[in-house]
Structures are given as C-alpha cells and as structure tokens.
Amino acid sequence: MNDAGETLSCGVVLARDSGDGWLTLMLRAYHHWDFPKGLREQGEEPLETAVREVGEETGINDVAFDWGDRFTETGPYSRGKTARYYLGKTSIAAVVMGLSPETGVPEHHEWRWVTFNEAYDLASPRVRNVVQWARQIIGA
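Residues numbered from 1 in each chain as written. Predicted model: local features only at pLDDT ≥ 70, side-chain atom pairs only at ≥ 80, totals over all residues. Heavy atoms only, no water.

Draft legend 1. Inspection of the packing of aromatic side chains at higher detail. Counted by the stated rule, this structure contains three aromatic pairs. Taking 5.7 Å as the distance between ring centres and 70° as the angle between the ring planes, the aromatic pair formed by Trp 22 and Trp 67 counts as edge-to-face. Here Trp 22 is found in strand S2 (residues 22-29), whereas its partner Trp 67 is found in the loop between helix H1 (46-58) and strand S5 (71-73), with 45 residues between them in sequence. Judged by centre distance (5.9 Å) and plane angle (75°), the rings of Phe 35 and Tyr 85 are edge-to-face. Of the two residues, Phe 35 is situated in the loop between strand S3 (32-34) and strand S4 (37-39) and Tyr 85 in strand S6 (residues 81-89); the sequence distance between them amounts to 50 residues. When sorted by exposure, Phe 35 lands in the same class as Tyr 85, which is buried. For the cation-ring pair, Arg 128 lies above Tyr 120, with the distance from its terminal atom to the ring centre recorded as 4.9 Å. (Phe/Tyr/Trp six-rings, centres within 6.5 Å; stacked < 30°, edge-to-face > 60°. Helix = DSSP H or I, 4+ residues; strand = E, 2+ residues; numbered from the N terminus. Buried < 20%, exposed > 50% of the residue type's maximum accessible area, 1.4 Å probe, protein only. Lys NZ or Arg CZ within 6 Å of the ring centre and 35° of its normal.)

In structure tokens:
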C-alpha cells in the first residue's frame, strides 16, 4: 500500500547499452508486455521492492540507478493498483525468468531486450507513457 492506501506495484525500466544504442527489457504475460515489477511487501520501501522484483523475475541482480531515484507512476489500473517505475542500468544481458512461489511456473511467458521504439510498440497505453518517460531521460 502507498500513502493513499492504494496497492503499489514497483518495478524498473532496465536499460542496457548494447554498443549500438540503448535496449530495455520487456516481459510478456499473456498478451501484455511490461517491465519487471511486483507488489510491495509490508515494510518494504518502493525502491527495495523494485530491485527485489527485478531479481526475482529476471535473475538480474546488478542494477545501478545512474539517473537517481526519480520515478514515474501510472494511474490506478486493475482493481486500484498503481505502478511505480524507476530507471535502472545494467550490463547483464542474460535473463532467467524466476518461478512464481504460488504456482511454481514463471510469471511471464517471454522476455525481450528491445529498443525503446520497439518497447513503445509492444506496450499498452499505460506502459507507453513509462517508455516515453524513460526514453526522454536517457536520450534513447
């Protein structure tokens, strides 16, 4: 929950310099592409949640916040959840999708490192605003 009593989901727009430009990691669950994120646990700071979720969902535990701790949020969606995204940098390209503790299978069906333009095309309108925010900050 955040200060307003809403359910807060926290994640990271991961950026990786491929040598040919910036790429970002998108995860697909059913027909929805999004960035790694998950629900904040009791007593957890939002940035802690975001880092934990990236590790659990992708196996990537090396994330630097070179652009600071600024974030963007989407408005309420899916039964009142708000999603907060930070912008993080990694050099790790390998992704290992973690298993859901509830089901024992990965929460996502696919992952892709894509350009920010490709991410925009894959994303829903809610997530497209996040793509634009991140792209503007890193100049991709």
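Draft legend 2. The arrangement of helix H3 (residues 125-138) in detail. In this model, H3 (14 residues) spans 21 Å end to end at C-alpha, consistent with the 20 Å of a helix rising 1.5 Å per residue. Buried within H3 are the following residues: Val 127, Val 130, Val 131, Trp 133, Ala 134, Arg 135 and Ile 138. Positive backbone phi, approximately 75°, marks Gly 139, located one or two places after H3. (Expected span 1.5 Å × (residues − 1).)

Draft legend 3. Region of the structure containing the pairing of S6. Within S6, seven of the nine residues are buried, which leaves it mostly tucked inside the rest of the structure. Sheet topology places strand S1 (residues 7-17) next to S6; nine bridges connect them, and they run parallel. From the neighbouring strand, Thr 7 faces S6, where its bridge partner is Lys 81. Bridge count between S5 and S6: three bridges; the pairing is antiparallel. Its bridge partner being in S6, Thr 72 is matched across the sheet by Tyr 85. (Pairing = 2+ DSSP bridges.)

Draft legend 4. Structural context of the confidence of the model for the protein. Counting all residues, the mean pLDDT for the protein is 91, and 95% of those residues have values of 70 or more. Within the protein, the element-level pLDDT minimum falls on S4, averaging 93, and the maximum on helix H2 (residues 116-122), averaging 97. (pLDDT = per-residue confidence, 0-100.)

Draft legend 5. Representation of the pattern of salt bridges in the model. All told, the structure shown has ten salt bridges when counted by the stated rule. Its salt-bridge partner being Arg 52, residue Glu 44 comes within 2.6 Å of it at the nearest N-O pair. Across the salt bridge formed by Glu 53 and Arg 52, the nearest N and O atoms sit 2.9 Å from each other. Side by side, Glu 53 and Arg 52 carry an identical accessibility label, which is buried. Several salt bridges converge on common partners, so that one network encompasses Glu 41, Glu 44, Arg 52, Glu 53 and Glu 56. (Salt bridge = Lys/Arg side-chain N within 4 Å of Asp/Glu carboxyl O.)

Draft legend 6. Spotlight on the nonpolar core. Counting residues in each nonpolar core, the largest one holds 20 residues, and the members touching the most others are Val 13, Met 26, Phe 35, Tyr 85, Leu 87, Phe 116 and Val 131. Listed by contribution, the elements that provide at least two residues to this core are S1, S6, H2 and H3. If you tally residues by element for this core, the top one is H3, at six residues. Apart from residues lying up to four places away in sequence, Val 131 is in contact with Phe 35, Phe 116, Ala 119, Tyr 120 and Ala 123. With 14 residues, the next largest nonpolar core counts Leu 8, Leu 25, Val 54 and Tyr 86 among its residues. (Core = buried A, V, L, I, M, F, W, Y, C linked by side-chain atoms within 4.5 Å. Contact = heavy atoms within 4.5 Å.)

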